[in-house]
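Remarks on the overall topology
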Number of protein chains: 2
Amino acid sequence: MADGKKMVEAITSMEDDFAKWYTDVCKKADLVDYSSVKGCMVIRPYGYAIWELIQRQMDDRFKALGHENVYMPLFIPESLLQKEKDHVEGFAPEVAWVTHGGNDPLPERLCVRPTSETLFCEHYANIVHSYRDLPKLYNQWCNVVRWEKTTRPFLRSREFLWQEGHTVHATAQEAIEETERMLNVYADFCRDVLNMPVIKGRKTESDKFAGAEATYAIEALMHDGKALQAGTSHYFGDGFARAFNMTFTDKENKLQYVHQTSWGTTTRLIGAVIMSHGDNDGLVLPPKIAPVQVVVLPIAAHKPGVIEKALEVTDRLKAKFRVKCDTSENSAGWKFAEYEMKGVPLRLELGPKDIQNNSCVIVRRDNRQKYVVSLDELETEISRLLDELGQALYDRAAQNIENRTYRCTSIDEIKQALAEHGDGFVKAMWCGSEECEDKVKELTGVGSRCIPFDQEDISDKCVCCGKKAWKMVVWGNAY
Amino acid sequence: MADGKKMVEAITSMEDDFAKWYTDVCKKADLVDYSSVKGCMVIRPYGYAIWELIQRQMDDRFKALGHENVYMPLFIPESLLQKEKDHVEGFAPEVAWVTHGGNDPLPERLCVRPTSETLFCEHYANIVHSYRDLPKLYNQWCNVVRWEKTTRPFLRSREFLWQEGHTVHATAQEAIEETERMLNVYADFCRDVLNMPVIKGRKTESDKFAGAEATYAIEALMHDGKALQAGTSHYFGDGFARAFNMTFTDKENKLQYVHQTSWGTTTRLIGAVIMSHGDNDGLVLPPKIAPVQVVVLPIAAHKPGVIEKALEVTDRLKAKFRVKCDTSENSAGWKFAEYEMKGVPLRLELGPKDIQNNSCVIVRRDNRQKYVVSLDELETEISRLLDELGQALYDRAAQNIENRTYRCTSIDEIKQALAEHGDGFVKAMWCGSEECEDKVKELTGVGSRCIPFDQEDISDKCVCCGKKAWKMVVWGNAY
């Protein structure tokens, strides 16, 4: 156990320093590495395998709803970016500019896409002519670049991977429905695949996407009580359509502007998973995105027949699960610590006695509970344990939200709740004015996260000015 | 049929203008669109679906051999690019340079990756320490940028999508084996998935990848007799390892340099498929990469029960094939032309009489052959027809190579063969000197494509200088 212990001790505990714990896990679980490219990350095989599982399962959900994947250019000419006023104001300060191709200066600067609205608009203007061409439901998986000052792996980096959906519709109604539909796809995905509960809501005016009429978001809560925006869905109305002249002739042969949406999720979902489920021994992975769902460890592997049996069981399980057998000469203790660090949901131990009894020991990563399982019932039991583990992750995360949700009716109550219990979701009423929104932030430190769809009737007065409340807002510190 | 005819007539015939035919197909089959980003392409849903099918099947082959996917940064600092002398000389003239982040000039220029050797080297230097860490078999699917002067969709564009494998090994022998293994993976993939025969060989010294010890390639032949390099695999020896200090301690505890490979294929494979199999009615897609393998067309769709039956058959076939049913009000003629243009391998026609007879008519895209098939045997027959079509595409492409391969023993013979029969693969002996290589190009117009693994004994004299021959070279014009 010496090796294993040593390895685990090398992680900072999350109670001591949550930020350090996070980067320790990212590094020690082999998710990322740094490079000489400041602010960009190397996503290592284990981290990328998680992303591939997220991609595959999310992409299936998009396609089931009729979305098609495309690929737009990496670059956006400066003049194209400038076509929609709010959009360029929001993004121009944080883009990377290409000025030279080889040895020649370019006639016009190109920015590396921070998002691709402008390119999609130009393309849609090209290909949409009639109501028969609508809706267009496109999505793109790609890299984008935003020149952030401070960066952290997965959470905020100068380059990140994401998907961006861009759709155009004949009517505002259809576009609004699409905006909401995709927000629900994200929320369901977080629940079913990442075992992560989220709050669905609308962003306040001051927090909208650059160029959007309305921005919706899902907000998750991390172990440390900070919120993390896990996905956004925007309704654009016909703002971009007017700027880019995206028109179509309707059934009455009249020229109309299209109505538009965009929606995105990024590699930051991996950061959300780490900070939602991880513990002081490392990662804890939801079974549906675990590159290895079961690690098979031969115990007393030098005894005759043990390794052979472990490999046989592994082969058998591969038909149904993502399984790995570690037959290396590392100690059992080292292996325990290693696969705990990597968040492998189930550890299957198989020693001479187990083999004699036609059974094995299975240990759950999340709560270390041990199960003696007959080899005859292995597939059924593993399926059951993976499901239970996923549900337990969800329940614990939901409990964390419950424990850290503070319903407040005054600025003082907010201050007190945060001081006593630490960061969390503050639920408080709001009159709707930007002035009060700013003042809450100024006085308590927490900003508005969203106006949740699930409203509660906490009070009839704005928590800040005391005037008539418009909506309940969820406030919090955020990543 | 009027609509359909009109549509087909809109393509230039390949005999009239092959280049125009190619771009017509790219546009009319909805594969790509242009944008205001010069030299970059928009890959539309139908084109991207082909790329996804290529990706998925190639990725499976990589993973089956133990390769893992990773993601490296998009940018390379100028100083990192400069570490390997030959490499920077080869690439610096054609990279895009980022000079500003937001409003601030960068302390050091960053190039947008034209290829990622330097980033992989830096990462491997970081993570490889002992022989136990070897081999590392990494691959990356991403976009790269090369500032080309003249561009064509898929064949040569300033940004393209590709995969780049990068591996490090303990010995030269292992690395050489990997280089050859991956070339074979590419060749087998071209044969089995793209139904495209290729010649495997080694590039001459003057044609090597910047920084490589040896470059191997697969060369395909297009309809017009021009060669297309469809994939490359490089052996680096320890050149980069010395430049980037990539060392490991071997079993005897001695410090050694790693030995390295890289290999890549790109979206240009789609261009190769178009020009290998397409005809004057449009695309002809290999069944394994066809987004729609069977299009079901109801005939006399207004008659009762026809559309219902077509949808029922479609649903049933979806379990085994990629199928689409077109119930739109477009004429049958328009639909025939549309799905021929898009290269859908099989068209299934279902009308009232067919339904009465419990049968349907299936038409093969490649040769228009018609088959009356019982609905009871649909799955078996479709499987068989798809296989036969794939084999026929391969056979025709192989026949094209056979017809356009000219074995020559003198410069005059080369000139004559090209003048008489047009472009093709010229097989001729070579002494091994760069001087003769250049002179053949100068005198005949065709450059060396590769030194094929399958050598033929055409003569014992160099086709150029008449001195002792070293190897047979395949020469040709290339995309």
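Once a new chain begins, its residue numbering starts again from 1 and follows that chain's sequence as written. All chains are assigned letters beginning with A, and all ligands numbers beginning with 1, in the order in which they are written. Given that the model is predicted, a residue must reach a pLDDT of at least 70 before its local features are reported, and side-chain atom pairs must reach 80 or more before they are shown or counted; all residues, however, enter totals for whole chains, interfaces and linings. Only hydrogens and water are removed before side-chain values are computed, so all heavy atoms of the structure are retained for them.

As a general point, the strands of a sheet are linked pairwise by backbone hydrogen bonds and lie either parallel or antiparallel. Residue and element names in this part refer to chain B. In this description, strands pair whenever DSSP reports at least two bridges between them. Secondary structure is summarised from DSSP: a helix means a run of H or I of at least four residues, a strand means a run of E of at least two, and numbering begins at the N terminus for each. Spatially, the eleven strands line up as an open sheet ordered β3-β7-β8-β14-β11-β10-β9-β22-β23-β21-β20, and their pairing is mixed. Strands at the two margins of the open sheet, each flanked by one partner only, are β3 (68-69) and β20 (405-407). For β3 and strand β7 (residues 136-145), the ladder comprises two bridges, and the chain directions are parallel. Considered in β7, the bridge of E68 is made with Y138. In what follows, residue pairs with any heavy atoms lying within 4.5 Å of each other are defined as contacts. To obtain each axis, a line is fitted to C-alpha atoms, and for helices this fit is confined to the stretch in contact; angles are then taken between N-to-C directions over 0 to 180 degrees. Sheet strands touched by helix α3 (residues 45-64): β3, β7, β8 (159-169) and β14 (259-266). Its angle to β7, the strand with the most contacts, is close to 165 degrees. Contacts between helix α14 (residues 411-421) and the sheet are confined to β20 and β21 (425-430), with β20 contributing the most and set at about 155 degrees to the helix.

A separate point is the interface of chain B and chain A. Contacts between chain B and chain A engage 55 residues on the former and 55 residues on the latter. Throughout, buried area stands for the accessible area (probe radius 1.4 Å) lost by two parts on being put together, summed over both. Between chain B and chain A, a total of about 4,400 Å² is buried, with carbon and sulfur atoms accounting for 57% of that surface. It is P45, Y71 and W147 of chain B in chain B that bury the most area against chain A; as a group they hold 14% of the surface buried on that side. Put simply, a salt bridge is a Lys or Arg side-chain nitrogen that is within 4 Å of an Asp or Glu carboxyl oxygen. The tally of links between chain B and chain A comes to four salt bridges. We note a salt bridge from D104 of chain B to K149 of chain A, for which the minimum N-O separation is 3.4 Å. Between N or O atoms, a polar contact is any pair within 3.5 Å; within protein, one atom must be a potential hydrogen donor and the other a potential acceptor, and residues adjacent in sequence are included only when both atoms are from side chains. In this structure, the connection of chain B to chain A is made through 28 residue pairs in polar contact (both at pLDDT 80 or more). Under the scheme applied here, ten amino acids are nonpolar (Ala, Val, Leu, Ile, Met, Phe, Trp, Tyr, Cys and Pro), four are charged (Asp, Glu, Lys and Arg), and all others, including Gly, are polar. Its residues assigned to classes, the side of chain B that touches chain A comprises 31 nonpolar, eleven polar and 13 charged.

This part takes up the nonpolar core. In plain words, nonpolar cores are sets of buried Ala, Val, Leu, Ile, Met, Phe, Trp, Tyr and Cys residues tied together by side-chain atoms within 4.5 Å. Accessibility here uses a 1.4 Å probe with only protein chains present; expressed as a share of the type maximum, an area under 20% marks a residue as buried, one over 50% as exposed, and anything in between as partly exposed. Residues F75, V98 and V112 of chain A together with F75, V98 and V112 of chain B are the most contacted members of the largest nonpolar core, which totals 82 residues. Apart from the residues lying within four places of it in its own chain, the contact partners of V98 of chain B are A96, W97, V98 and V112 of chain A together with F75, L106, R109, L110 and V112 of chain B. Grouped together as the second largest cluster of nonpolar side chains are 68 residues, I43, F62, L183 and C190 of chain B included.

Note on the identical chains: chain B maps onto chain A by a rotation of 180 degrees and an axial translation of 0.0 Å, with an RMSD of 0.0 Å. Such a combination of turn and shift is consistent with a two-fold rotation axis. Residue V98 of chain B, judged by its C-alpha, is the member of chain B lying nearest the rotation axis, at 2.1 Å. Counting the interface residues of chain B, we find that 100% of their copies in chain A are interface residues as well, pointing to one common contact surface. Each copy is superposed on the other by least squares, with the fit set by C-alpha atoms of residues at a pLDDT of at least 70 in both.

Residues and elements named next belong to chain B. With respect to the element layout, C408 can be found in the loop between β20 and α14. By relative accessible area, C408 is classed as buried at 2%. When the C-alpha atoms of C408 and H259 are compared, they prove to be 39 Å apart, with 149 residues separating the residues in sequence. In this view, C408 contacts E413, I414, A417, V426, K427, A428, I458 and V463; residues no more than four positions away in its chain are not counted.

What follows covers the sheet that holds strand β17 (residues 346-350) of chain A. Residues and elements named next belong to chain A. The five strands lie next to each other as β16-β15-β17-β18-β19, forming an open sheet whose pairing is mixed. The open sheet has two edge strands with one neighbour each: β16 (323-325) and β19 (370-374). Averaged over all pairs of adjacent strands, the angle between their axes in this sheet comes to 25 degrees, without regard to strand direction. Across three bridges, the pairing between strand β15 (residues 294-298) and β16 is parallel. Bridge pairing in β16 links V296 to C325. Here helix α10 (residues 306-318) sits on the sheet and contacts β15, β16 and β17; the angle it forms with β16, its principal contact strand, is near 170 degrees. Lying on the sheet, helix α11 (residues 332-341) is in contact with β15, β16 and β17; it crosses β15 at an angle near 175 degrees.

Residues and elements named next belong to chain A. With their axes 11 Å apart at the nearest point, helix α2 (residues 18-28) and helix α9 (residues 268-277) run at an angle of 115 degrees to one another. Judged by the sense of rotation from one axis to the other, the crossing of α2 with α9 is right-handed. Residue-level inspection shows F18, W21, Y22, V25 and C26 of α2 in contact with α9, the latter providing G271, I274 and M275. For the contact of α2 with α9, the residue count by class is seven nonpolar, one polar and no charged. Rotating anticlockwise by less than a right angle from the far helix to the near helix defines a left-handed crossing, while the corresponding clockwise rotation defines a right-handed one.

As a further point, take unusual backbone geometry. Note: most peptide bonds trans; most residues except glycine with negative phi. Backbone torsion omega between L134 of chain A and P135 of chain A reads -10 degrees, so that peptide bond is classified as cis. Relative to the helices and strands, P135 of chain A is located in the loop between α6 (117-127) and β7 (136-145). The backbone phi angle of D30 of chain B is positive, close to 60 degrees, even though this residue is not glycine. For D30 of chain B, a relative accessible area of 24% corresponds to the partly exposed category.

So, about helix α7 (residues 172-192) of chain A. Because an α-helix packs 3.6 residues into every turn, residues spaced three or four apart end up facing the same way. Working rule for helices: expected span equals 1.5 Å times residues minus one. Here α7 of chain A contains 21 residues, and its C-alpha end-to-end distance of 30 Å stays within 8% of the 30 Å for a straight helix at 1.5 Å per residue. Listed in full, the buried residues belonging to α7 of chain A are A175, E178, T179, M182, L183, V185, Y186, A187, F189 and C190 of chain A.

Moving on, we come to the side chain of H123 of chain A. Relative to the assigned elements, H123 of chain A resides in helix α6. Owing to a relative accessible area of 2%, H123 of chain A belongs among the buried residues under this scheme.

All names here are of chain A. Here β19 shows one buried face, formed by Y371 and V373, and one open face, formed by K370, V372 and S374. Strand direction decides the pairing type here: strand β18 (residues 359-364) and β19, joined by five bridges, are antiparallel. From the neighbouring strand, V361 faces β19, where its bridge partner is V372. Hairpin connection of β18 to β19: five residues between the antiparallel strands, including R368 at a positive phi of 60 degrees.

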